[in-house]
Amino acid sequence: MSLTDKAITRIREMIRSGQLPPGAKLPPEAQLAAELGLSRNLMREAVKVLAVSRVLEIRRGDGTYVTSLAPRLLLEGLSSAVELLSGETLRELTETRRLLEPAATALAATRIADEGLAEVAAHLDAMRAAQHDPERLNAHDAAFHRAVVAATGNETLSTLLEGISASTLRARVWRGLVDGNAAEQAIAQHEAIFRALVAREAPLAQAAALLHVSSTEDWLREHVPTDGTGEG
């Protein structure tokens, strides 16, 4: 472990222990460096790294603060990272989505409010209207699932699934371009999910979501090469 990594670990330990809770202002650089037995240069580098990862926020002229440490902050870089992955890893991400999203959809069925159902319905209507426009269709496809998962009230789950789903969006657009039946099939599967949500039937919602995600996964296995060159 490098000295900078050790400095990062020390600061993270202070945050985990509650010594520096969310929103807290860090002591002045010289004071904190002295307390941790580190040089100011190491402390400065550690703070920069933690700021990039959204653990700390540097406010010019005011000091350095611990962020809210909300999942949306700490995990927001996930979608950017997975966008760099392709081929076999893309299929692994879709497999991960298959494990998480049906369970999230089942949970949403037990928690979704009328306003949430209205939002999901609006995206479903937009999908029907855009069935001949793959990019618009897939944009509302993504928004449909985002609204469903948001209904769980679980920000960590929402952020994780948003990051994973972003990586498969290009592949779904590609599917819409090459498979003439994809739009009709996708809309039918989303209608099944919506009906289960309206009925507040968690097992049915989970089964409908599993069928939908599995069909995307099966298509990827068949059409996307290991090196990822089949992506649009």
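These figures come from a predicted structure and were not determined experimentally.

**Student:** Explain the packing of aromatic side chains here, please?
**Tutor:** Any pair of aromatic rings gets described here by the distance separating the centres and the angle formed by the planes. Per the stated rule, a full pass over the model turns up zero aromatic pairs. Over the aromatic face of Tyr65 sits the side chain of Arg59, whose NZ or CZ is 3.8 Å from the ring centroid.

**Student:** Explain the pattern of salt bridges to me, please; I cannot follow it from the model alone.
**Tutor:** Should the charged atoms of two oppositely charged side chains come close, the side chains can pair. Tallied over the full model, the rule gives 12 salt bridges. Put simply, Asp114 and Arg200 hold a salt bridge, and the shortest N to O gap is 3.5 Å. With Asp114 in helix 7 (residues 114-129) and Arg200 in the loop between helix 10 (182-198) and helix 11 (202-223), this residue pair connects regions lying 86 residues apart in the sequence. Judged by relative accessible area, which is 35%, Arg200 ranks as partly exposed. The shortest N-O distance in the salt bridge between Arg146 and Glu162 comes to 3.2 Å. Of this pair, Arg146 sits in helix 8 (residues 134-150) while Glu162 sits in helix 9 (residues 155-178), and the two are 16 residues apart along the sequence. Looking at Arg146, the relative accessible area reads 40%, which means it is partly exposed. Residue class for Glu162 comes out partly exposed when judged on its relative accessible area of 32%. One connected set of salt bridges, linked through shared partners, spans Glu29, Arg40 and Arg44.

**Student:** Sorry, what's going on with the side chain of His212 here?
**Tutor:** Note that His212 resides in helix 11. You can call His212 buried: its relative accessible area is 3%. Of note is the side chain of His212, whose polar atom sits 3.2 Å from the side chain of His145. If near-sequence neighbours (up to four positions away) are discounted, His212 is found in contact with Arg97, Asp141, His145, Gln189, His190 and Ile193.

**Student:** What exactly am I supposed to notice about the packing of helix 10 against helix 11 here?
**Tutor:** For any two helices packed against each other, one specifies the crossing angle of their axes together with the interaxial distance. It is the contact of helix 10 with helix 11, at a shortest axis distance of 8 Å, that shows an interaxial angle of 160°. Here helix 11 runs roughly antiparallel to helix 10, going by the angle between their axes. In the packing of helix 10 onto helix 11, the handedness of the crossing is left-handed. Here helix 10 contributes Gln185, Gln189, His190, Ala192, Ile193 and Ala196 to the contact with helix 11, which in turn contributes Leu204, Ala205, Ala208, Ala209, Leu211, His212 and Ser215. Grouping the constituent residues of the contact of helix 10 with helix 11 by class yields eight nonpolar, five polar and no charged.

**Student:** What exactly am I supposed to notice about the confidence of the model for the protein here?
**Tutor:** Regions with low pLDDT carry predicted coordinates that are not meant to be interpreted in detail. Summary statistics for the protein give a mean pLDDT of 86 and a share of 88% for residues scoring 70 or more. The least confident element of the protein, judged by mean pLDDT, is helix 5 (residues 78-82) at 64; the most confident is helix 7 at 97. Here residues 228-232 is modelled with pLDDT under 50, and outside its nearest four sequence neighbours on either side it reaches 14 contacts, counting other chains as well.

**Student:** Would you take a moment to explain the pairing of strand 2 (residues 63-66) for this structure?
**Tutor:** Where strand 1 (residues 56-59) lies against strand 2, four bridges are found, and the strand directions are antiparallel. Bridged to Leu56 within strand 2 is Val66.

**Student:** I tried to follow a nonpolar patch on the surface on my own but got confused; where do I start?
**Tutor:** Side chains of Trp174, Leu177 and Val178 sit close together on the surface and give an oily, nonpolar patch of about 280 Å² of accessible area. Assignment of secondary structure puts Leu177 in helix 9. Classification of Leu177 by relative accessible area gives exposed; the value is 56%.

**Student:** Mind showing me how you'd approach unusual backbone geometry here?
**Tutor:** Glycine aside, residues mostly have negative phi angles, and peptide bonds mostly take the trans form. Here Leu69, not a glycine, exhibits a phi torsion of approximately 60°, which is positive. Residue placement: Leu69 occurs in the loop between strand 2 and helix 4 (71-74). Although it is not a glycine, Arg200 adopts a positive phi angle of roughly 55°.

**Student:** I'm lost on the environment of Arg111 in this one. Help?
**Tutor:** Here Arg111 shows up in helix 6 (residues 88-111). Assessed through its relative accessible area of 47%, Arg111 is described here as partly exposed. Along the sequence, Arg111 and Val148 sit 37 residues apart, while their C-alpha atoms lie 9.9 Å from each other. When sequence neighbours within four positions are dropped, the list of residues in contact with Arg111 reads Ala151 and Thr152.

Reading the values: the criteria
- Every residue gets a number counted from 1 within its own chain, in the order that chain's sequence is written.
- At least 70 in pLDDT is required for a residue's local features to be given in this predicted model, at least 80 for side-chain atom pairs to be given and counted, and no such filter applies to totals for whole chains, interfaces and linings, which use all residues.
- The side-chain values count all of the structure's non-hydrogen atoms but skip hydrogen atoms and water molecules.
- Stacked, tilted and edge-to-face are the three classes assigned to paired rings of Phe, Tyr and Trp, where Trp is represented by its six-membered ring and a pair needs centres within 6.5 Å; plane angles under 30 degrees give stacked, over 60 edge-to-face, the rest tilted.
- Whether a charge sits over a ring depends on NZ of Lys or CZ of Arg being within 6 Å of the ring centre and within 35 degrees of the ring normal.
- We define a salt bridge as a contact between a side-chain nitrogen of Lys or Arg and a carboxyl oxygen of Asp or Glu at a distance within 4 Å.
- In DSSP terms, a helix is any run of H or I states spanning at least four residues, a strand is any run of E spanning at least two, and both are numbered starting from the N terminus.
- The classification of residues rests on relative accessible area computed with a 1.4 Å probe and restricted to protein chains. Under 20% of the type maximum is buried, over 50% is exposed, and intermediate values are partly exposed.
- Residues adjacent in sequence count toward polar contacts only when both atoms are side-chain atoms; beyond that, a polar contact is any pair of N or O atoms within 3.5 Å, and within protein one must be able to donate a hydrogen and the other to accept it.
- Residue contacts follow a heavy-atom distance rule, with two residues in contact if any of their heavy atoms lie within 4.5 Å.
- Between N-to-C directions, angles cover 0 to 180 degrees, with each direction set by a line fitted to C-alpha atoms, over the stretch in contact for helices.
- Working definition: roughly parallel below 35 degrees, roughly antiparallel above 145 degrees, roughly perpendicular at 65 to 115 degrees, and oblique for all remaining angles.
- Each helix crossing is assigned a hand: it is left-handed if the near helix lies turned anticlockwise from the far helix by less than a right angle, otherwise right-handed if that turn is clockwise.
- Residues were grouped as follows: Ala, Val, Leu, Ile, Met, Phe, Trp, Tyr, Cys and Pro as nonpolar; Asp, Glu, Lys and Arg as charged; and all remaining residues, including Gly, as polar.
- A score between 0 and 100, pLDDT records how confident the predictor is in each residue.
- In this analysis, strands are considered paired if DSSP registers two or more bridges between them.
- Two distance rules govern patches: like charges are joined within 9 Å, and nonpolar side chains (Val, Leu, Ile, Met, Phe, Trp, Tyr) within 5 Å, applied only to residues with over 30% relative accessible area and no salt bridge.
- Per-residue and other accessible areas follow the Shrake-Rupley method at a 1.4 Å probe size, with only the shown protein chains counted as cover for residues.

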